[in-house]
Amino acid sequence: MSKKIKTVLWDFDGVILDSMKIRDWGFRRIFKDFSEEEVEKLIIYHRKNGGLSRYVKIKYFYEEIIGRDINENEINEYANEFSILMKQKLTDKNNLINDSVEFIKREKENYKFHIVSGSDQAELRFLCEKLEIAHFFISIHGSPTPKKQLVKDLMSENNYSKESTCLIGDSINDWEAANENQITFFGYNNSKLKDISQNYIQTFDNFHVFH
């Protein structure tokens, strides 16, 4: 990574918190009245698009998988049910990814850290407080605002330069958000990202790339 980097935008799921299996379970629970085959198609989509919000995934399940219309109120009802389940299950500190969290603790005084996630913003902030990591970040942002827009707004509001900002994520959606906003992207915890990104973090152990 360039030595000019001063600001790091972090994805959350799969980068800071190992949450995929629990989120898989959550989608199966909220859609328990549908066929297992239909729900498994959603799980596949969910895993391929980790950076997308649950609002997008719920809409996709209805419109693309089961071929039904769904309105915004119905989407929000499912999303709220999902969030209740996540608040119950994801506050276990054993789910934190120590490799990245230790790096964040080590470098917290040297760089500006923010979270930009596809997770619901209120839930995200709740989890970070419960996991006792919120104080490491200047701000924590999530859905329903799309990640591309979150990054754009964050850059603008803080007057961050593109050259001194990077995004660390584990999905194609994270790469797209960084690419659209013309900032450096670092893939992490998903070896498939090596095919699209020149930058990949195998481990944060002894990783001193910012200075």
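Data block above holds the structure.
Computed from a predicted model, the values in this text were never measured in an experiment.

Chemist: Describe in detail the environment of Gly169, supporting the description with residues and values.
Modeler: Counting through the fold element by element, Gly169 comes out in strand β4 (residues 165-169). Take Gly169: its relative accessible area is 0%, and that puts it in the buried class. Along the primary structure Gly169 and Met20 are separated by 149 residues, whereas in three dimensions their C-alpha atoms are 14 Å apart. With near-sequence residues (within four places) excluded, Gly169 lies in contact with Asp11, Val15, Asp174, Phe185, Phe186, Gly187, Tyr188 and Leu193.

Chemist: How would you summarise the nonpolar core if you had to cite specific residues and measurements?
Modeler: Counting 53 residues, the largest nonpolar core has Trp10, Phe12, Ile16, Phe31, Phe137 and Ile168 as the members making the most contacts within it. With 6 residues, the top contributor of residues to this core is helix α4 (residues 72-89). Excluding anything up to four places from it in sequence, Phe12 contacts Leu17, Ile115, Ser117, Leu124, Leu127, Cys128, Leu131 and Ile133. Core analysis: the second largest hydrophobic core is formed by 13 residues, Leu150, Leu154, Phe185 and Leu193 among them.

Chemist: Break down the pairing of β4 for me, with residues and values.
Modeler: Most of β4 is tucked away, with 5 of its 5 residues classed as buried. Where burial is concerned, the two faces of β4 agree: the one with Thr165, Leu167 and Gly169 and the one with Cys166 and Ile168 are both buried. Summarising the sheet, strand β1 (residues 7-10) and β4 pair through 4 bridges and their orientation is parallel. In the sheet register, Leu9 faces β4, and the bridge partner there is Leu167. Relative to strand β5 (residues 184-188), β4 runs parallel, the two sharing 4 bridges. When the sheet's bridge partners are listed, Gly169 is paired in β5 with Gly187. Crossover connection from β4 via helix α8 (residues 172-180) to parallel β5: handedness right-handed.

Chemist: Would you mind going over the environment of Glu123 in detail, with residue names and values included?
Modeler: Looking at where Glu123 falls in the secondary structure, it is placed in helix α6 (residues 121-130). With 80 residues separating them in the primary sequence, Glu123 and Ile43 have C-alpha atoms 20 Å apart. Setting aside anything within four residues of it in sequence, one finds Glu123 in contact with Arg23, Arg54, Ser83, Met86 and Lys87.

Chemist: Quick rundown of unusual backbone geometry? Include the residues and the values.
Modeler: Following Ser143, the chain continues into Pro144 via a peptide bond in cis, with omega recorded as 20°. Checked against the element boundaries, Pro144 lands in the loop between β3 (139-143) and α7 (147-158). Phi is positive for Gln182, close to 60°, though the residue is something other than glycine. Mapped onto the elements of the fold, Gln182 is located in the loop between α8 and β5.

Chemist: An account of the pattern of salt bridges is requested, with residue identities and associated values reported.
Modeler: Inspection of the entire model under this criterion finds 10 salt bridges. As a salt-bridge pair, Glu123 and Arg23 come within 3.1 Å of each other at their nearest N and O atoms. Of this pair, Glu123 sits in helix α6 while Arg23 is found in helix α1 (residues 20-30), placing the two residues 100 residues apart along the sequence. With relative accessibility at 0%, the residue Glu123 sits in the buried group. The salt bridge partner of Glu123 is Arg54, with a shortest N-O separation of 2.5 Å. Of the two residues, Glu123 sits in helix α6 while Arg54 sits in helix α3 (residues 54-65), which places them 69 residues apart along the sequence.

Procedures and definitions
- Residues numbered from 1 in each chain as written.
- Predicted model: local features only at pLDDT ≥ 70, side-chain atom pairs only at ≥ 80, totals over all residues.
- Heavy atoms only, no water.
- Helix = DSSP H or I, 4+ residues; strand = E, 2+ residues; numbered from the N terminus.
- Buried < 20%, exposed > 50% of the residue type's maximum accessible area, 1.4 Å probe, protein only.
- Contact = heavy atoms within 4.5 Å.
- Core = buried A, V, L, I, M, F, W, Y, C linked by side-chain atoms within 4.5 Å.
- Pairing = 2+ DSSP bridges.
- Right-handed = clockwise from strand over helix to strand, strands pointing away.
- Salt bridge = Lys/Arg side-chain N within 4 Å of Asp/Glu carboxyl O.

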